[in-house]
Amino acid sequence: MAQASMVFIGAGNMATSIISGLLQSGYTGPITATDPDQDKLNQLASGLDIQTTTDNNEGISGADVVILAVKPQVMKSVCQGLVEAVQQSRPLIISIAAGLESETIEQWLGGNLAVIRCMPNTPALVQTGASGLYANTRVSDDQKNLAEMVFNAVGISIWVEKEHHLHAVTATSGSGPAYFFMFMEAMQKSAESLGLSADVAAKLVGQTALGAAQMVLNSGDSAETLRKKVCSPNGTTERAIRSFEQDGLRAAVQQAMIACADRSEEMARELASGDQ
Ligand SMILES: NC(=O)C1=CN([C@@H]2O[C@H](COP(=O)(O)OP(=O)(O)OC[C@H]3O[C@@H](n4cnc5c(N)ncnc54)[C@H](O)[C@@H]3O)[C@@H](O)[C@H]2O)C=CC1
Ligand SMILES: O=C(O)[C@@H]1CCC=N1
């Protein structure tokens, strides 16, 4: 199973990053990507040992795993075009679409299928992704291991027991890179207004974010402890942190993440009812 044949339906950003990660991690099983856009396929396949086709059904022929990597809004029509083929061969289905529930995907594909839902994130592009995974009851242990191998090739993956937890995963790691980018944008602008060049500001902010993330992951200390260690009594950081607290940073983060999870739930309802 470790070298199962895989097809990616949709050869966009996420499929490209996952395929690149898989190949870089030494995966040697057959990989096919499908997309109606021949330019995207050419771009993806240049220098990579994969097959491509603009015909989704041709792509999934003989595949053990079908990874659905199209936008949620086109997923229904994509699935409807695959029903006959997947009902014959019963591959493992993995969907990375935001919001879309496993039961909805299973129904669109004709039912009675092993379906894994994954919420990845864009740092998968640089092999530092974080993915949440949920499996329906038809997924075997071998298939779970295979899905883990795919997403561990581009970062880390964690299983959630209840599918609704993927809304929280979306609010945390799926959309999370955008929160950090926004914070970094704001820091860069402020650094510039304090007199640094755009180039120097971008380098200092990026390296600081990288260092802080590595300390959270590797130092054994919590984010809270690490924050406190930067704050010298009556020093500069303490003043900045107090300013953030007074301006309600924590509440703003909480509100944004609730809004994100709510939108994920709303998308699930809209997509299931076809009301997008
Ligand atoms: N971008 C992100 O940060 C994240 C995206 N996702 C999910 O990943 C999925 C893909 O997102 P991206 O890669 O960012 O989108 P993208 O737009 O880069 O890629 C989607 C690809 O699907 C292709 N496509 C359209 N119709 C098709 C069809 N009928 N058959 C085959 N391919 C078709 C498009 O040509 C495009 O290349 C989405 O469902 C999204 O919700 C999940 C987590 C994070
Ligand atoms: O914004 C979105 O809907 C997708 C899902 C998580 C990140 N991007």
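So, how was this worked out
Residues numbered from 1 in each chain as written. Chains lettered and ligands numbered in written order. Predicted model: local features only at pLDDT ≥ 70, side-chain atom pairs only at ≥ 80, totals over all residues. Heavy atoms only, no water. UniProt positions renumbered as here; feature names shortened; annotations may be inferred. Helix = DSSP H or I, 4+ residues; strand = E, 2+ residues; numbered from the N terminus. Contact = heavy atoms within 4.5 Å. Buried < 20%, exposed > 50% of the residue type's maximum accessible area, 1.4 Å probe, protein only. Salt bridge = Lys/Arg side-chain N within 4 Å of Asp/Glu carboxyl O.

1. A word on the UniProt feature "binding site: NADPH" (unreviewed entry) in the protein
Phase 1 of the analysis: Within this numbering scheme, the UniProt entry marks N56 as carrying the feature "binding site: NADPH" (unreviewed entry).
Phase 2 of the analysis: Looking at where N56 falls in the secondary structure, it is placed in helix α3 (residues 56-60).
Phase 3 of the analysis: Apart from the residues lying within four places of it in its own chain, the contact partners of N56 are I9, T34, V78 and L82.

2. Examining the environment of Q43
Phase 1 of the analysis: By the secondary structure assignment, Q43 is in helix α2 (residues 38-45).
Phase 2 of the analysis: What makes Q43 exposed here is its relative accessible area of 62%.
Phase 3 of the analysis: For the pair Q43 and P123, spaced 80 residues apart in sequence, the C-alpha separation works out to 20 Å.

3. Focus on the pattern of salt bridges
Phase 1 of the analysis: For the structure on display, the rule yields nine salt bridges.
Phase 2 of the analysis: Notably, a salt bridge pairs E245 with R250, separated by 3.0 Å at the nearest N-O pair.
Phase 3 of the analysis: We note a salt bridge from E266 to R263, for which the minimum N-O separation is 2.6 Å. With E266 and R263 both in helix α13 (residues 249-273) and three residues apart, the pair spans about one turn of that helix.
Phase 4 of the analysis: Looking at E266, the relative accessible area reads 34%, which means it is partly exposed.
Phase 5 of the analysis: One network of salt bridges, with partners in common, ties together R263, E266 and E270.

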